[in-house]
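# Analysis of the macromolecular model
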Amino acid sequence: MTTELMILGWTLVLALVQIMATGAFRNKETGMKYNMSARDTPAPAPGVVTARLQRAQANLFETLPLFAAAVLIAHVGGREGDLTLWGAWMYLIARVVYVPLYAAGIPVVRSMVWSVSLVGLGMVLAAILLP
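Residues numbered from 1 in each chain as written. Predicted model: local features only at pLDDT ≥ 70, side-chain atom pairs only at ≥ 80, totals over all residues. Heavy atoms only, no water.

The protein is annotated in an unreviewed UniProt entry as MAPEG family protein of Massilia genomosp. 1.

The next thing to look at is the overall build of the protein. When you go through the protein residue by residue, the secondary structure sums to four helices and zero strands. For the protein, the succession of helices and strands along the chain, N to C, is α-α-α-α. For the protein, the spread of C-alpha atoms along the principal axes amounts to about 55 × 30 × 20 Å. Burial statistics for the protein: of 131 residues in total, 36% are counted as buried. Of the contacts made within the protein by residues no fewer than 6 positions apart, 77% connect residues no fewer than 24 positions apart. (Helix = DSSP H or I, 4+ residues; strand = E, 2+ residues; numbered from the N terminus. Buried < 20%, exposed > 50% of the residue type's maximum accessible area, 1.4 Å probe, protein only. Contact = heavy atoms within 4.5 Å.)

Structurally, the position occupied by glycine 9 is in helix α1 (residues 3-35). Expressed as a C-alpha distance, the spacing of glycine 9 and alanine 68, which sit 59 residues apart in the sequence, is 9.2 Å.

Another aspect to go through is the packing of aromatic side chains. Within a pair of aromatic rings, the relevant descriptors are the distance that separates the centres and the angle that separates the planes. In the structure shown here, the tally under the stated rule is two aromatic pairs. Ring geometry for phenylalanine 67 against tyrosine 91: centres 4.1 Å apart, planes inclined by 15°, an arrangement best described as stacked. Of this pair, phenylalanine 67 sits in helix α2 (residues 48-76) while tyrosine 91 sits in helix α3 (residues 82-104), placing them 24 residues apart in sequence. Side by side, phenylalanine 67 and tyrosine 91 carry an identical accessibility label, which is buried. With a centroid separation of 5.5 Å and 75° between ring planes, the pair formed by tyrosine 98 and tyrosine 102 is classed as edge-to-face. (Phe/Tyr/Trp six-rings, centres within 6.5 Å; stacked < 30°, edge-to-face > 60°.)

Our next topic: the pattern of salt bridges. With the rule as written, the count across this model stands at one salt bridge. Among the ionic pairs, arginine 26 bridges to glutamate 29, the shortest N-O distance being 2.8 Å. With arginine 26 and glutamate 29 both in helix α1 and three residues apart, the pair spans about one turn of that helix. (Salt bridge = Lys/Arg side-chain N within 4 Å of Asp/Glu carboxyl O.)

Attention now goes to the nonpolar core. Leu60, Phe67, Val71 and Tyr91 are the most contacted members of the largest nonpolar core, which totals 21 residues. Looking at this core, the elements with two or more residues in it are α1, α2, α3 and α4 (107-129). At eight residues, the largest contribution of residues to this core is made by α2. In contact with tyrosine 91, not counting residues within four places along its chain, are Thr11, Leu60, Thr63, Leu64, Phe67, Ser117, Gly120 and Leu121. Listed in part, the six residues of the second largest apolar core include Ala94, Tyr98, Tyr102 and Val113. (Core = buried A, V, L, I, M, F, W, Y, C linked by side-chain atoms within 4.5 Å.)

For the pair α1 and α2, the least separation of the axes is 10 Å and the interaxial angle reads 165°. Between α1 and α2, the crossing angle belongs to the class labelled roughly antiparallel. Pair α1 / α2 crosses with left-handed handedness. When the residues that make up the contact of α1 with α2 are grouped by side-chain class, the tally is 19 nonpolar, seven polar and three charged. (Axes fitted to C-alpha atoms, helices over the stretch in contact; angles between N-to-C directions. Parallel < 35°, antiparallel > 145°, perpendicular 65-115°, else oblique. Left-handed = near helix turned anticlockwise from the far one by under 90°. Nonpolar A, V, L, I, M, F, W, Y, C, P; charged D, E, K, R; others polar.)

Over its 33 residues, α1 extends only 39 Å from the first C-alpha to the last, a length that falls short of the 48 Å expected when each residue adds 1.5 Å. Taking the largest bend as the criterion, α1 deviates by roughly 80°, centred on glutamate 29. (Expected span 1.5 Å × (residues − 1). Bend = angle between axes of the 7 residues up to and from the residue.)

Quick look at the structure:
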């Protein structure tokens with residue numbers, strides 16, 4: 001297995017961690033009784049940190065399909081190299097750093113880190129699309 005595919009696997013682990021963290025914070029707010037119910041009544045609004053974790057998770061899920069597809073296309077197409085390796089690492093590391101920044105409510109640095117993840121994704125795409 002290539003390093004890029006391993007990085008994709010770890011990115012999926014990150015997605016699961018974000019799902020579980022968001023769920024744990026939400027569970028503290030609504031309680032087990034509500035979560036195990038049919039949820040016929042509206043839940044209380046999420047707290048500040050829970051809402052941030054929900055938005056961070058949604059943000060990951062916006063780019064994760066693109067990243068996964070790009071890594072898989074690069075692998076199948078034999079286009080892996082330094083550009084895909086560094087791009088994949090940049091994407092994953094930036095996505096990991098992004099979560100606590102968002103949860104803590106740190107605005108500008110969070111956006112810069114998000115931009116680094118997009119540059120990483122762009123590098124993988126460049127490896128696919130450029131001759």
